[in-house]
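Summary of the model geometry
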Protein chains: 2
Amino acid sequence: MWQRLLGMYLNRLIRVGSLSLTLPDGTTHHFGVPDAKAPTVGVAIHDTATLRALALNPHLALGESYMDQTLTIENDDLHGLLELAMRNIAAGHDSWLSRLRERVRDLSRGISQRNQARRSKRNVAHHYDLSAKLYDLFLDADRQYSCAYFRTPQDTLEQAQVQKKAHIARKLLLKPGMSVLDIGCGWGGMGLTLAQEHGVKVLGVTLSEEQLKIARARAQAAGLTDRVRFELMDYRAVQGQFDRIVSVGMFEHVGAPNFQTYFNTVNRLLAADGVALIHTIGRFTPPGSTNPWITKYIFPGGYIPALSETAAAIERSGLITTDVEIWRLHYAETLRHWYTRFMAQRDAAAALYDDRFVRLWKFYLAASEQTFRFAGQNVFQIQLARTVQTVPQTRDYLLRAQTTDHRLASSTR
Amino acid sequence: MWQRLLGMYLNRLIRVGSLSLTLPDGTTHHFGVPDAKAPTVGVAIHDTATLRALALNPHLALGESYMDQTLTIENDDLHGLLELAMRNIAAGHDSWLSRLRERVRDLSRGISQRNQARRSKRNVAHHYDLSAKLYDLFLDADRQYSCAYFRTPQDTLEQAQVQKKAHIARKLLLKPGMSVLDIGCGWGGMGLTLAQEHGVKVLGVTLSEEQLKIARARAQAAGLTDRVRFELMDYRAVQGQFDRIVSVGMFEHVGAPNFQTYFNTVNRLLAADGVALIHTIGRFTPPGSTNPWITKYIFPGGYIPALSETAAAIERSGLITTDVEIWRLHYAETLRHWYTRFMAQRDAAAALYDDRFVRLWKFYLAASEQTFRFAGQNVFQIQLARTVQTVPQTRDYLLRAQTTDHRLASSTR
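This structure is a prediction, so every number in the text was calculated from the model and none was measured. (Residues numbered from 1 in each chain as written. Chains lettered and ligands numbered in written order. Predicted model: local features only at pLDDT ≥ 70, side-chain atom pairs only at ≥ 80, totals over all residues. Heavy atoms only, no water.)

1. Thoughts on the overall build of chain A
Where we set the bar: Secondary structure elements are taken from DSSP: a helix is a run of H or I of four residues or more, a strand is a run of E of two residues or more, and numbering for both begins at the N terminus. For this measure, only C-alpha atoms enter the radius of gyration; the expected value for a globule follows 2.2 Å times N^0.38, where N is the number of residues. For each residue, the accessible area found with a 1.4 Å probe, counting protein chains only, is set against the maximum for its type, and the residue is called buried under 20%, exposed over 50%, and partly exposed in between. In what follows, residue pairs with any heavy atoms lying within 4.5 Å of each other are defined as contacts. Here, Shrake-Rupley sampling with a 1.4 Å probe gives the accessible areas, and only protein chains in the shown set may cover a residue. Here the positive residues are Lys and Arg and the negative ones are Asp and Glu; neither His nor the chain ends is included. A charged residue contributes its charge at one atom only: NZ of Lys, CZ of Arg, CG of Asp or CD of Glu.
In terms of helices and strands, chain A carries 18 helices and 11 strands. Taken over the C-alpha trace, chain A has a radius of gyration of 22 Å; the compact-globule value for 413 residues is 22 Å, and the two agree within 12%. A buried classification covers 60% of the 413 residues belonging to chain A. Considering only contacts within chain A whose residues lie at least 6 apart along the sequence, 73% involve residues at least 24 apart. With an accessible surface of roughly 16,800 Å², chain A has 54% of that area assigned to carbon and sulfur atoms. Of the charged side chains in chain A, 49 are positive and 39 negative, and the gap between their average positions amounts to 5 Å.

2. Quick word on the relation of the copies chain B and chain A
The test is simple: Residues below a pLDDT of 70 in either copy are left out; the C-alpha atoms of the rest, at least 70 in both, set the least-squares superposition of the copies.
Note on the identical chains: chain B maps onto chain A by a rotation of 180 degrees and an axial translation of 0.0 Å, with an RMSD of 0.0 Å. Interpreted geometrically, this transformation is the action of a two-fold axis. Every residue of chain B has its C-alpha some distance from the rotation axis, and the shortest such distance is that of Ser308(B), at 2.1 Å. Interface overlap between copies is the fraction of interface residues in one copy that are interface residues in the other; for chain B against chain A it reaches 100%, indicating a shared surface.

3. A closer look at the pattern of salt bridges
This is how the line gets drawn: Salt bridge, as used here: a side-chain nitrogen of Lys or Arg that lies within 4 Å of a carboxyl oxygen of Asp or Glu.
Tallied over the full model, the rule gives 44 salt bridges over all chains. In this structure, Arg218(A) engages Asp142(A) in a salt bridge whose closest nitrogen and oxygen atoms are separated by 2.4 Å. Remark: Asp142(A) occurs in the loop between helix H8 (132–136) and helix H9 (157–172) and Arg218(A) occurs in helix H11 (residues 209–221); sequence separation between them is 76 residues. Accessibility expressed as a relative area gives 21% for Arg218(A), which makes it partly exposed. Between Arg373(B) and Glu333(B) there is a salt bridge, and its shortest N-O distance comes to 3.3 Å. Taken together, the residues span a long stretch of sequence, with Arg373(B) in helix H17 (residues 355–374) and Glu333(B) in helix H15 (residues 330–344) at a distance of 40 residues. Note on Arg373(B): relative accessible area 22%, which makes it partly exposed. Taking the relative accessible area as the measure of exposure, Glu333(B) reaches 30% and is therefore partly exposed. Overlapping salt bridges, with partners in common, bring together Lys171(A), Asp323(A), Glu325(A), Arg395(A), Lys171(B), Asp323(B), Glu325(B) and Arg395(B) in one network.

4. Section: the domain arrangement of chain A
Residues and elements named next belong to chain A. The condition that has to hold: Start and end positions for the domains come from either an automated domain assignment or a database one. Buried area is understood as the total, over both parts, of accessible area removed when two parts are fitted together, assessed with a 1.4 Å probe. Pairs of N or O atoms within 3.5 Å make up the polar contacts considered here, provided that, within protein, one atom can donate a hydrogen while the other can accept it, and that residues adjacent in sequence are counted only when both atoms are side-chain atoms. Ten residue types, Ala, Val, Leu, Ile, Met, Phe, Trp, Tyr, Cys and Pro, are classed as nonpolar, four, Asp, Glu, Lys and Arg, as charged, and the remainder, Gly among them, as polar.
Domain assignment breaks chain A into domain 1 (2–107) and domain 2 (115–411). Here domain 1 and domain 2 have C-alpha centroids that lie 33 Å from each other. Each partner contributes to the interface: domain 1 provides 20 residues, whereas domain 2 provides 23 residues. A combined buried area of about 2,100 Å² lies between domain 1 and domain 2, and 63% of that area is made up of carbon and sulfur atoms. When residues of domain 1 are sorted by the area they lose upon contact with domain 2, Met67, His79 and Met86 head the list and together hold 35% of the total. In this assembly, domain 1 and domain 2 are joined by three salt bridges. Among the ionic pairs, Lys362 bridges to Asp76, the shortest N-O distance being 2.3 Å. The interface formed by domain 1 and domain 2 contains 11 residue pairs in polar contact (both at pLDDT 80 or more). In terms of residue count, helix H3 (residues 58–68) provides more of the side of domain 1 that touches domain 2 than any other element does, eight residues in total. Grouping the amino acids of the side of domain 1 that touches domain 2 by side-chain chemistry returns eight nonpolar, four polar and eight charged.

5. With respect to unusual backbone geometry
Residues and elements named next belong to chain A. Unusually for a residue other than glycine, Gln69 sits at a positive phi of about 60 degrees. Residue placement: Gln69 occurs in the loop between H3 and strand E4 (71–73). The exposure class of Gln69 is partly exposed, given its relative accessible area of 46%. Notably, Asn115 is not glycine yet its phi reads approximately 50 degrees, a positive angle. Its location among the elements puts Asn115 in the loop between helix H6 (109–112) and helix H7 (117–128).

6. Considering empty space enclosed by the protein
Residue and element names in this part refer to chain A. Filter applied, for reference: Both site types are read off a 1 Å grid over the protein atoms alone. A 1.4 Å probe that fits but cannot get out defines a cavity, while an open set with protein on both sides within 12 Å along at least five of seven lines defines a pocket; lining residues have an atom within 4 Å of a point. Grid points are joined across faces, edges and corners, and a volume is the space filled by probe spheres set on the points.
A complete count under the given rule lists six cavities of 30 Å³ or more for this structure. Residue assignment for the lining of the largest cavity shows that the elements contributing at least two residues are H7, helix H10 (189–198) and strand E6 (201–206). A total of four residues in the lining of the largest cavity trace back to one element, the largest contributor, which is H7.

7. Looking at a nonpolar patch on the surface
How we decide: For patch detection, residues must exceed 30% relative accessible area and be free of salt bridges, and they are connected within 9 Å for like charges or within 5 Å for nonpolar side chains (Val, Leu, Ile, Met, Phe, Trp, Tyr).
Together, Trp96(A), Leu100(A) and Val104(A) make up an exposed nonpolar region whose accessible area comes to about 350 Å². Within the fold, Leu100(A) resides in helix H5 (residues 96–107).

8. Some words on the interface of chain B and chain A
Often, the extent of an interface is quoted as the loss of accessible area on bringing the components together. The condition that has to hold: Two strands pair under a simple rule: DSSP has to find at least two bridges between them.
Each partner contributes residues to the interface: chain B has 38 residues there, and chain A has 39 residues. Interface of chain B and chain A: buried area, both sides summed, is about 3,300 Å²; carbon and sulfur atoms make up 53% of it. Counting across the chain B and chain A interface gives six salt bridges. Ionic pairing is found between Arg395(A) and Glu325(B), a salt bridge with its closest N-O pair at 3.6 Å. Scanning the region where chain B abuts chain A turns up 20 residue pairs in polar contact (both at pLDDT 80 or more). Of all the elements in the fold, those that place two or more residues in the side of chain B that touches chain A are helix H14 (307–317), strand E10 (320–327), H17 and helix H18 (396–411) of chain B. At seven residues, E10(B) tops the list of elements feeding residues into the side of chain B that touches chain A. When the residues that make up the side of chain B that touches chain A are grouped by side-chain class, the tally is 19 nonpolar, nine polar and 10 charged. By the bridge criterion, three bridges tie strand E10 (residues 320–327) of chain A to E10(B) in an arrangement that is antiparallel. What sits directly across from Val324(A), in E10(B), is Val324(B).

9. A word on the confidence of the model for chain A
We apply this condition: Per residue, pLDDT captures the predictor's confidence, and it can take any value from 0 to 100.
Looking at chain A, the pLDDT average stands at 93 and 97% of residues meet or exceed 70. Within the model, pLDDT remains below 50 along residues 403–413 of chain A, and this stretch shows three contacts once partners closer than five positions in the same chain are excluded.

10. Comments concerning the state of the cysteines
Note the threshold: To count as a disulfide, a pair of cysteine sulfur atoms needs to be within 2.5 Å.
All chains considered together, the criterion is met by zero disulfides over all chains. Free of any disulfide, Cys147(A) has its nearest neighbouring cysteine sulfur in Cys185(A), separated by 19 Å.

And the structure:
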C-alpha cells in the first residue's frame, strides 16, 4: 500500500527529469523521462518504515531518511535529487497531501512562529550555539553567515563577503561618529567592519551566547571596545535611537506573526533622519509555510518572507521604503562555497559531532542551495528611512562609491 | 451649526502650521500656531453652502470650492494651503468622518475600480482625450506625461524626461531586433525613442483615440512605421509574446481589483527570457482609497498602489521581481515644472476651455505635487522577469551604461 501511494505521488510529481527508485524488495521503478537538461537520479529505499514515511510526508522524510541512511542516492548525487524534487514541486506538481500539509503549517504559523522573547532565545540557541568550531569549518575568516555578494563568478568567498559588507555600508550612508544598531550581530563581523572602516559607534545585539562570547573577544582583540558594544539582548528590548540600523540574516528568524512588531521596533529605534538596511532571505512565491525538515532540524520558528507581507508591515509601521535590491543566485553560490568547504572538512565535522550530523549539515547546505536555484528563494535588501529627503534622490551614490572602490582596488594592487 | 462642525474639524486637524479662516459673516477664526517651518495661510469662504460642503466632505469640497471661487486663498497660496492640509492629514489628525468616508471608498473599490474594458476606455477618454493643445501647454516636446528623472536639481524638464527614458531603457536590457510591448503608450514618445535609439520593434497600445492619432502621426513623420505600430487596444486583448514589456504611468489606471489580471497578462505576454519594467505612482502608506476630488475630476477608476498589494499580485502571477527602485521627490519636481509652464500659458488654457478649467488644472497639478512632498506618494519602477538567470546578477549593468552616457555626453560637448 505505501509503495502504491508513493508510486502515485512520484508519477504525478516527476514531469521534468527522471528518477529510478529501488524498493526494499529489490524491485526498481522508473518515473519521468530522461532529459539532457534535467537530472537523472537513482535512489534506493532500504526499509518499509522509510517507504511509509516518504509516502506520508515526503518533505520531512526525505531529509530524515538521508540522514539515517535508510535512503541512499546513486553516486551520492544529493544536489541532483534535490534539483529534481524542487523543479517538479516548483512546477506545481506536488501532491494534494503535501499541499494540504503546507496549508496547515501556514495556518498554524501564529503558534509555530510566535517567537516571544524566551522562545526566540531557545530557537537561536538551537542553531547558533552549535560549536564555534563547526562554523570555522566552512565560513570565511570573518564568519559572515549570510549571503555573499559576487561581483563576478570568479570572486572567492572571502572577496564576496567583503563586497557584501561594503555594499551594505554604502547603502547605510555612514558618517564617522554615527551610532549604528546591528540587530542580529552574529559573531560581530559586520559591526567590527563598520566601526573600523567608517568610524561609527556600534551596538550589536544577539540572542546566542556563543556568538556573544566570540564577538566580544574580537572587539577586545581589535581594540574597538570603546566604539563597539555587543549585548545578549532581544532586539525588542533595545532602548534609545540610532542614526543607522543594520540587520543581516536575522529577519528570517522573526516569524510572520511578528513582522509588524519588527518594523514598528525599527521605526521606534531609528532617528528621524535615520537609514536602515534589512538584508533577508525572501521568497518569490506568495506567503506560505516553512519546509518541515528545516523547521525541525535547522531553524525552529523561522520563516522566509514574501515581499508582499514584508511591505505590508513596513507600510503600517510608518517607515518609508527607499530601495529594494533583489539578489537571485548569490546565495546559491555562497552555499556552494560553504558546501565545498564543509565537505573538505567532513572528518573534522564528524569528530566534533558524528556522521549523522555530517549528513544533516550536508543536506541542509545542498537543499538550501537548490532552493535558490530552483524553488524561488532570493535575498531582499530593503533600505528604509523616515522621510522622503533622507536618502539621495538617485542611486548614483551607490555607483560613485563603487567606482571609487574600483580605483582603490587597482591603485593598491 | 456647519460653522461649529468645520471649526471642530480644523481644531483637531491643524497641529502643524496655522490657518486664518474668514467666514461668510465676515468673522475670522484662527487654527494652529504660526511656525517658521510650516505654512501660515489665510482662507476665505464666501457662502454657507460651501461652509456646509467643507464641513461634510472636505477632501472633495476643497477642490470644488477652489474651482468655483466660493473659497479663495490669500495671495492665492494654493501650494501653502495644500501643504498645510496634507502635512496635518499625514500626521493622522484627519476627522473620523473623513476616515470613515475613506474606509467606505476603500471597501467599494471593487465597484468604483472595476474597470472592465468598456469602462476603462471611458475613463481614459475622460482625461487623455482632452485637447492635445492642452498637453502642449505644459509637457515637454516629447509629451512625456509621467515622472521625469532629475539627475541633478538643475536639470531642465526636457533633460529629465530624456534621462527617464534612458533609465528605463537600461533596465529593459534591449538588443536590436527585440520585440517590445508598450502598455499604455501615450502619445508614443517612449516607443518611438526605444525604436530609434535601440533598434527594437514596438507595439504600443492605448485606449485614447487622441493619443493614438498623434502617436501614429509621429511614427509616420519619423519614418518608423515599419518598426513601430500603435493600436487602440485594451492590454488584456493583446496576443502573442514579447521580448520586453514596458508600461509607464498606466498601472495607476488599472484599479486594485484588476492587479492580478494585470500581472497575469504581463506574465502571459512576456517571453520565457523576457524582461518587463513597470513604472507607476505608488503610496508608502497601506492600501487605501483614492482622493474623491481626483476620482471625480481627473482620473475616474484610478488607484495609487501600495507595494504590498502590488507585490502580492506579482507573486501569484508567477513573475519574479528582480529590482524595485523607488523615486521620492522626482514627481514633485516634475509637477512643479508642469505647474510653472501651465501657469505661464494660463490665458491659452482659458481660451481652450474656461477660467474654471484653469483653476481645476491648477489645483490638480499643485495637489499632486504636494502629495509627493508631504503625503506619502512616490514612484515605483518594478523590474520583472520569468527566471532567476534573465537579469544580470548585479546592478553593475546600470552603472556601466550610465558611465558610458556620461562619456558620450562630455565627448559631444
